[in-house]
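Structural overview
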Amino acid sequence: MEFLESKDGYNYFRYVHSPPYIQAQRAFEAAQAIHDLNGVATVLMHNPYHLDSLITMADYFKFVGEHQMAADAVAKCLYALECAWPAMFTPLLGNCQLKFGHETNKPLFKTLFTHMINMDRRGCHRSALEVCKLLLSLDSDDPMGALFCIDYFAIRAGEYAWLEQFTEDYKSDNSLWLFPNFSFSLSISRFYLEQEETSKDAHAGNTKATSADLMEQALMLHPSVLKKLVAKVPLKDRAWTNILKHSYFHSDETKIPSLDHLINIYVERSYIVWRLPDLQKLLRNTAQQVIETLELNRSEAKDWACVREEAFSTEKNEYAHLLVQDFSDSVSSLPPDNLQNFVVDARMGEAIHNGMQVGNPPNAGQAPLPRDVANRNPLAVLFESMLPWVNYGDGIGADDDEQINGHGQRNPED
C-alpha cells in the first residue's frame, strides 16, 4: 500500500502490485477469460495469497456448499491485505480513505463485504456491525452499499442508541430517515429503547418521537414496503388481508427505480427482524392507524408522494450496481449444469463421471479416504486439494491397522 495525499483531514492510500504479483494477475486473468477454474487453482499453488484467485475460489466453494473453505479463503485475503498496511494507515481512527476507483483497492472492499456477511450468518452480529462501520469509513462514496445494511446489523446487535446517534451525525445530514431501511429501523430502535426506559425516564418528558410516530412516518413515506414484508416474512394474520386491500397499501411498487431497488434490498436484508410478534403488532396497529388518518385527510397521501418524488427524483436506478442477492441471507447453490462453464482437465471430468473421490491421492492404493472427504462434492474436493494450505494427510498407514475393525472402518471411539 502506498500513500497518495492528504486532503480535508483524510489520508488517501491505494494498493500497488509488485512485478511478481503482476505476473500472477496476468495468469489469473488468462484463466478467468476461458473459465478455467483449474488454472485459477494453479495460480494459487504458486501464489498462495493472490487476491483475485482466492476470491474466485471462495465464490466457487460457497456455490457448492463448502462454506468453511469459502470462509478460509476470505480470511487469507484479509490477512494478505492487512499485511500490506503501512504504519501511517490507521483505519480505526477514521482518517483513511481507499477510493474504490483504484482497481487495486477493489479486492479489499469485496473481501470485507463477504466477511461481513459471513459474520452475520454465523450469528456474530456485533462483529458484522464493526466490519460494516470499517467498510463505510474507507470510502465516503460507499461503493458496496454498507449504508443499506448497517441499520440491520445495529438492530441485530442491540445497538439501538448508537443507530439513532449515527443517523443524526452521519455527514452532518439528517436526511438518512428518507431511505426505506433507516425509516423503518429507526422506529424499531425507538421501540426497543422505549422498553428499556425506566418509569422515571418516562416521566422526565422525553421529547423524541415515539416508535408509533416513526412507524407511521415510515409507512406514509414507503407504503409499498408493507406488501413486500407481508409476503416475505410471511405475515399470515387475517388483518393483513384487509389492510392490503386499502388503495394506499395495495401496490408493492413506487415506479421510482432507485427507491424500488432500495426497498427490495431492505426487505431481503431485514425481513427476519419482523418475525418477532411485538414488532408485527406495532406494524399492524400503525398500518391501521394510517388507514384511518387517510380516510379523514386524503391530501396527506399526495403530500408524502411529493416527498418521495423529491427525495428520489432521478429516473435512473442509482443503485443498480448493488445486487439484491448480495444482501440476502439465503445461500445459492450452483446447479450441476452450470459447472460446464468451467473448463477443467479432461482427466478430472472423467474421474467425476466415474464417481471417483478425486480428492484421494493417486498413490493411496485401496486405503479409504479421510473421513472429512466422504460424502462431499467431488469437484469441490478436487479444487480444495489443490490449494496450498490444505493437507489431507497420507491416508491410513500400518500403525493405524489395529484401529480398524473387520469391516474396514475405524472404531467409533477412535
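Relevant structure appears above.
Scope of this entry: the structure provided in the associated data block. Residue numbering note: each chain is counted from 1, following its sequence as written. The predicted origin of the model limits local features to residues at a pLDDT of at least 70 and limits the giving and counting of side-chain atom pairs to 80 or more, whereas totals for whole chains, interfaces and linings rest on all residues. Side-chain numbers here rest on the full set of heavy atoms in the structure, without hydrogens or water.

The subject of this paragraph is the packing of aromatic side chains. Paired rings are identified among Phe, Tyr and Trp, the last through its six-membered ring, by centres lying within 6.5 Å, and are further divided according to the angle between planes into stacked (under 30 degrees), edge-to-face (over 60) and tilted (the rest). As enumerated under the stated definition, the model contains 19 aromatic pairs in all. Consider the rings of phenylalanine 13 and phenylalanine 89, whose centres lie 5.1 Å apart with planes at 85°: the pair is edge-to-face. Of this pair, phenylalanine 13 sits in strand S2 (residues 10-14) while phenylalanine 89 sits in the loop between helix H4 (67-83) and strand S3 (96-98); the two residues are 76 residues apart in sequence, bridging distant segments of the chain. The same class applies to phenylalanine 13 and to phenylalanine 89, which are both buried. The rings of Phe3, Phe13, Trp85 and Phe89 are connected pair by pair, giving a single aromatic cluster. The way it works is that DSSP assigns letters per residue, a run of H or I at least four long becomes a helix, a run of E at least two long becomes a strand, and they are numbered from the N terminus. Note on classification: 1.4 Å probe, protein chains only; a residue is buried when its accessible area is under 20% of the maximum for its type, exposed when over 50%, partly exposed between these limits.

Strand order in the open sheet made by the three strands is S1-S2-S3, with mixed pairing throughout. The sheet is open, and its two borders are formed by strand S1 (2-7) and S3, each paired with just one other strand. For this sheet the average axis-to-axis angle between neighbouring strands, irrespective of direction, equals 30°. Criterion used throughout: strands pair if DSSP finds at least two bridges between them. The pairing of S1 with S2 spans five bridges and is antiparallel. Each bridged residue has a counterpart across the sheet, and for lysine 7 the counterpart in S2 is tyrosine 10. Only the contacting stretch of a helix is used when fitting its axis, a line to C-alpha atoms as for every element, and angles between N-to-C directions run 0 to 180 degrees.

Multiplying 1.5 Å by the residue count of a helix minus one yields the expected span of that helix. Taking 1.5 Å as the rise per residue, helix H15 (residues 277-296) with 20 residues should run 28 Å; its terminal C-alpha atoms sit 29 Å apart, in good agreement. When H15 is considered as a whole, its buried residues turn out to be Leu279, Leu282, Leu283, Arg284, Thr286, Ala287, Val290, Ile291, Thr293 and Leu294. Elements in contact with the buried residues of H15: helix H9 (180-196), helix H11 (211-221), helix H12 (224-232), helix H13 (238-245) and helix H16 (299-311). Contacts are residue-level and defined by heavy atoms, with any inter-residue pair within 4.5 Å sufficient.

Another point: the environment of alanine 212. Residue placement: alanine 212 occurs in helix H11. Ignoring sequence-local partners within four residues, the contact set of alanine 212 consists of Leu282 and Thr286.

Now for the packing of H9 against helix H14 (residues 257-270). One can describe the packing of H9 onto H14 by two numbers: an axis separation of 8 Å at closest approach and a directional angle of 45°. Here H9 is positioned oblique relative to H14, judged by the angle of their axes. Of the residues in H14, those touching H9 at Pro180, Asn181, Phe184 and Ser185 are Leu259, Leu262, Ile263 and Tyr266. Note on angle classes: values under 35 degrees are labelled roughly parallel, values over 145 roughly antiparallel, values of 65 to 115 roughly perpendicular, and the remainder oblique.

Our next topic: the nonpolar core. Generally speaking, nonpolar side chains in soluble globular proteins are found buried as a group. Working definition of a nonpolar core: buried Ala, Val, Leu, Ile, Met, Phe, Trp, Tyr and Cys residues. They are joined through side-chain atoms within 4.5 Å. Counting 104 residues, the largest nonpolar core has Met116, Phe249, Trp274 and Leu283 as its most contacted members. In contact with methionine 116, not counting residues within four places along its chain, are Ala128, Val131, Cys132, Leu135, Cys149 and Phe153.

We define a salt bridge as a side-chain nitrogen of Lys or Arg found within 4 Å of a carboxyl oxygen belonging to Asp or Glu. A complete count under the given rule lists 15 salt bridges for this structure. The shortest N-O distance in the salt bridge between lysine 133 and glutamate 130 comes to 3.1 Å. Of this pair, lysine 133 and glutamate 130 both sit in helix H6 (residues 125-138), three residues apart, which is roughly one turn of that helix. Take lysine 133: its relative accessible area is 24%, and that puts it in the partly exposed class. On the accessibility criterion, glutamate 130 (33% relative accessible area) is partly exposed. Linked by salt bridges that have partners in common, Arg126, Glu130, Lys133 and Glu159 make up one network.

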